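# Structural description and commentary
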Amino acid sequence: MPVRDRVVRAAITLFARKGFDATPVREIADAAGVTTGALYHYFATKEDLLVEVYQQMQAGQRLRMEAIADSDLPLREKLHAIISDVVESTIADLDEAVVFFQPFHLLSPRVHEMVRAERRGYHYRVKALIEEGQRDGTFRADVPTTLAVSYHFGAVHQLGL
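Presented here is a report on the structure given in the accompanying data block.

The rules behind each value
Residues numbered from 1 in each chain as written. Predicted model: local features only at pLDDT ≥ 70, side-chain atom pairs only at ≥ 80, totals over all residues. Heavy atoms only, no water. Helix = DSSP H or I, 4+ residues; strand = E, 2+ residues; numbered from the N terminus. Buried < 20%, exposed > 50% of the residue type's maximum accessible area, 1.4 Å probe, protein only. Contact = heavy atoms within 4.5 Å. Areas by Shrake-Rupley, 256 points an atom, 1.4 Å probe, with all protein chains shown as cover. Lys, Arg positive; Asp, Glu negative; His and termini not counted. Charge placed at Lys NZ, Arg CZ, Asp CG, Glu CD. Axes fitted to C-alpha atoms, helices over the stretch in contact; angles between N-to-C directions. Parallel < 35°, antiparallel > 145°, perpendicular 65-115°, else oblique. Left-handed = near helix turned anticlockwise from the far one by under 90°. Core = buried A, V, L, I, M, F, W, Y, C linked by side-chain atoms within 4.5 Å. Salt bridge = Lys/Arg side-chain N within 4 Å of Asp/Glu carboxyl O. Phe/Tyr/Trp six-rings, centres within 6.5 Å; stacked < 30°, edge-to-face > 60°. Lys NZ or Arg CZ within 6 Å of the ring centre and 35° of its normal.

As a further point, take the overall build of the protein chain. In terms of regular secondary structure, the protein chain is built from eight helices and zero strands. Across the protein chain, helices and strands are ordered from the amino to the carboxyl terminus as α-α-α-α-α-α-α-α. Overall, the protein chain is about 60 × 30 × 25 Å in size when its C-alpha atoms are taken along their principal axes. In the protein chain, buried positions account for 42% of the 161 residues. Of all intrachain contacts in the protein chain linking residues separated by at least 6 positions in sequence, the fraction that spans at least 24 positions is 66%. Within the structure as shown, the protein chain displays about 8,600 Å² of accessible surface, and the carbon and sulfur contribution to it stands at 57%. Charge separation in the protein chain, taken as the distance between the mean sites of 19 positive and 22 negative side-chain charges, equals 3 Å.

Direction vectors running N to C along helix α4 (residues 46–69) and helix α7 (residues 109–136) enclose 15°, while the axes themselves pass 11 Å from each other. The orientation of α4 relative to α7 falls into the category roughly parallel. The way α4 lies across α7 gives a crossing that is left-handed. Contact residues: E47, V51, Y54, Q55, Q58, Q61, R62, M65, E66 and A69 in α4; V111, M114, V115, E118, R119, G121, Y122, R125, V126 and L129 in α7.

Here F15 is to be found in helix α1 (residues 3–18). It is 8.8 Å that separates the C-alpha atoms of F15 and E96, two residues lying 81 residues apart in sequence. Dropping the residues within four chain positions of it, F15 is found in contact with F20, T23, I28, K46, L50 and V99.

Before going further, it helps to examine the nonpolar core. Ranked by size, the top nonpolar core spans 31 residues in total, and within it V7 and I28 carry the most contacts. For this core, the secondary structure elements donating two or more residues are α1, α2 (25–32), α4, α6 (94–101) and α7. Residues in contact with V7, not counting those within four places in the same chain, are I28, A32, V34, L39, F43 and L49.

So, about the pattern of salt bridges. If you walk through the whole model with that rule in mind, you get 13 salt bridges. The closest approach of N and O atoms between R4 and E52, which form a salt bridge, is 3.2 Å. One end of the pair, R4, is in helix α1; the other, E52, is in helix α4, and 48 residues separate them in sequence. Here E52 falls in the buried class, since its relative accessible area comes to 14%. In this structure, K18 engages E27 in a salt bridge whose closest nitrogen and oxygen atoms are separated by 2.6 Å. Here E27 falls in the partly exposed class, since its relative accessible area comes to 26%.

A few words now on the packing of aromatic side chains. Going through the model one piece at a time under the given rule, you end up with two aromatic pairs. With a centroid separation of 5.1 Å and 70° between ring planes, the pair formed by Y54 and F100 is classed as edge-to-face. Taken together, the positions of Y54 in helix α4 and F100 in helix α6 put the pair 46 residues apart, joining distant regions of the chain. Exposure remark for Y54: the relative accessible area of 0% places this residue in the buried category. F100 sits in the buried class, given a relative accessible area of 6%. A cation over a ring is seen here: K46 above F20, with NZ or CZ 4.6 Å from the ring centre.

In structure tokens:
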């Protein structure tokens, strides 16, 4: 496994077990089998390492969601597949999910907004699918789409706690 990937994997494991704040960079380097200097070659700060975890998880889920949303599946099946993917990918790498959901408040304002913007983009695309289904009669129209999306993602986020 490449050094960069070993560092990220070690960080995910340690952040999930000990928390972001309680995990020193030296411990991540040791767990990855690299020097601290090697770690800093790839990541300037511990926050940059955390951002990498966020970006990896979001990018994978986003790519799969877009492929499903753009497919020829019927709308109901698209939404089911997207929801299933989020649940399955969260469970498949629970450590990554724990890291993704817990230290969010510790990010710098710039990074916090970047991660939130990516999350919003995902949520908006799912919301648009639900709205499409409400317009064409596939889904009930008496439940606000914002509530449906918030409920779904809130329930999934509890998997990581």
